[in-house]
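Each chain, letter by letter, is given below.
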Amino acid sequence: MPLAQPCSLLLTAALFGGMLLFAGGFAAFLFTALPMDQARALIRRAFPPFYLFVIVAAGLAAGAAAWVDAAAAGVLLAVALSTLPTRQWLMPAINRATDGGQRARFARLHGLSVGITLLHIAAAGWALVRLAG
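Read on for an overview of the structure.

Cut-off values and rules
Residues numbered from 1 in each chain as written. Predicted model: local features only at pLDDT ≥ 70, side-chain atom pairs only at ≥ 80, totals over all residues. Heavy atoms only, no water. Helix = DSSP H or I, 4+ residues; strand = E, 2+ residues; numbered from the N terminus. Buried < 20%, exposed > 50% of the residue type's maximum accessible area, 1.4 Å probe, protein only. Contact = heavy atoms within 4.5 Å. Areas by Shrake-Rupley, 256 points an atom, 1.4 Å probe, with all protein chains shown as cover. Core = buried A, V, L, I, M, F, W, Y, C linked by side-chain atoms within 4.5 Å. Polar contact = N/O pair within 3.5 Å; in protein donor to acceptor, adjacent residues only side chain to side chain. Expected span 1.5 Å × (residues − 1). Salt bridge = Lys/Arg side-chain N within 4 Å of Asp/Glu carboxyl O. Phe/Tyr/Trp six-rings, centres within 6.5 Å; stacked < 30°, edge-to-face > 60°.

Attention now moves to the overall build of the protein chain. Tallying secondary structure elements over the protein chain gives 4 helices and 0 strands in all. Starting at the N terminus and ending at the C terminus, the protein chain contains elements arranged as α-α-α-α. Summarising its shape, the C-alpha atoms of the protein chain cover approximately 55 × 25 × 20 Å along the three principal directions. Taking all 133 residues of the protein chain together, 34% fall into the buried category. Considering only intrachain contacts with a sequence separation of at least 6, the fraction spanning at least 24 residues in the protein chain is 71%. A total accessible area of about 7500 Å² is found for the protein chain, and carbon and sulfur atoms account for 72% of it.

Structure follows, in structure tokens:
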């Protein structure tokens, strides 16, 4: 399939860049540009669409990459699938811990979500390099 390679590369680059910009730029910017209560409210509203973006972009990238590189496709599919419980279970649990004033629980769950996001960014970066090669 002649368009599979450029499509998989473009979709994976969009995934990688989108995750990097959101996690490293937008989220950090909010907490420096807005008062803490406003930043928290906005970031809470921004995460569900962000996770949906990751699920859809990684799924599309995996589908395109399947025609080019099975290993990259598998990693991208794993990113999409592992984002589902992050969005549906972990994010609400973090919000409940915040709302309940459970600082230790929040710290553990937030640390887990950061670790997952960093792993997803690294996985997308690995797939991007692999697809570009």
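Further remarks concern the nonpolar core. Among the nonpolar cores identified, the biggest contains 27 residues, and L15, M19, F50, V54 and L76 are the most heavily contacted of them. Counting residues per element, the ones that place at least two in this core are helix 1 (4-33), helix 2 (36-65), helix 3 (70-99) and helix 4 (103-132). Sorting elements by how many residues they give to this core places helix 2 first, with 11 residues.

Turning our attention to the environment of L52. The topology assignment puts L52 in helix 2. Note on L52: relative accessible area 43%, which makes it partly exposed. Expressed as a C-alpha distance, the spacing of L52 and L76, which sit 24 residues apart in the sequence, is 14 Å.

Turning next to the side chain of S8. Note that S8 resides in helix 1. A distance of 2.9 Å separates a polar atom in the side chain of S8 from the backbone oxygen of Q5. Not counting residues up to four positions away in its chain, the partners in contact with S8 are A61, A64, A65, V68 and L131.

So, about helix 1. One full turn of an α-helix is made of 3.6 residues, so residues set three or four places apart face in the same direction. For helix 1, spanning 30 residues, the distance from its first C-alpha to its last is 41 Å, which sits close to the expected 44 Å at 1.5 Å a residue. Those residues of helix 1 lying buried are A4, S8, T12, L15, M19, F22, A27 and L30. Elements in contact with the buried residues of helix 1: helix 2, helix 3 and helix 4.

Within the structure shown, the criterion is met by 2 salt bridges. Salt-bridge contacts for D99 lead to R44; the nearest nitrogen and oxygen are separated by 2.9 Å. Here D99, found in helix 3, pairs with R44, found in helix 2; they are 55 residues apart in sequence, far enough to count as distant. With a relative accessible area of 31%, R44 lands in the partly exposed category. In this structure, D69 engages R130 in a salt bridge whose closest nitrogen and oxygen atoms are separated by 2.7 Å. Separated by 61 residues along the polypeptide, D69 in the loop between helix 2 and helix 3 and R130 in helix 4 bring together distant segments of the chain.

For the structure shown, the criterion picks out 6 aromatic pairs. Between F22 and F47 the ring centres are 5.0 Å apart and the planes differ by 85°, which places this aromatic pair in the edge-to-face class. Here F47 lies in helix 2 and F22 lies in helix 1, a separation of 25 residues in the sequence. Since its relative accessible area comes to 24%, F47 is described here as partly exposed. Among the aromatic residues, ring-to-ring pairing joins F22, F26, F47, F50 and Y51 into one connected group.

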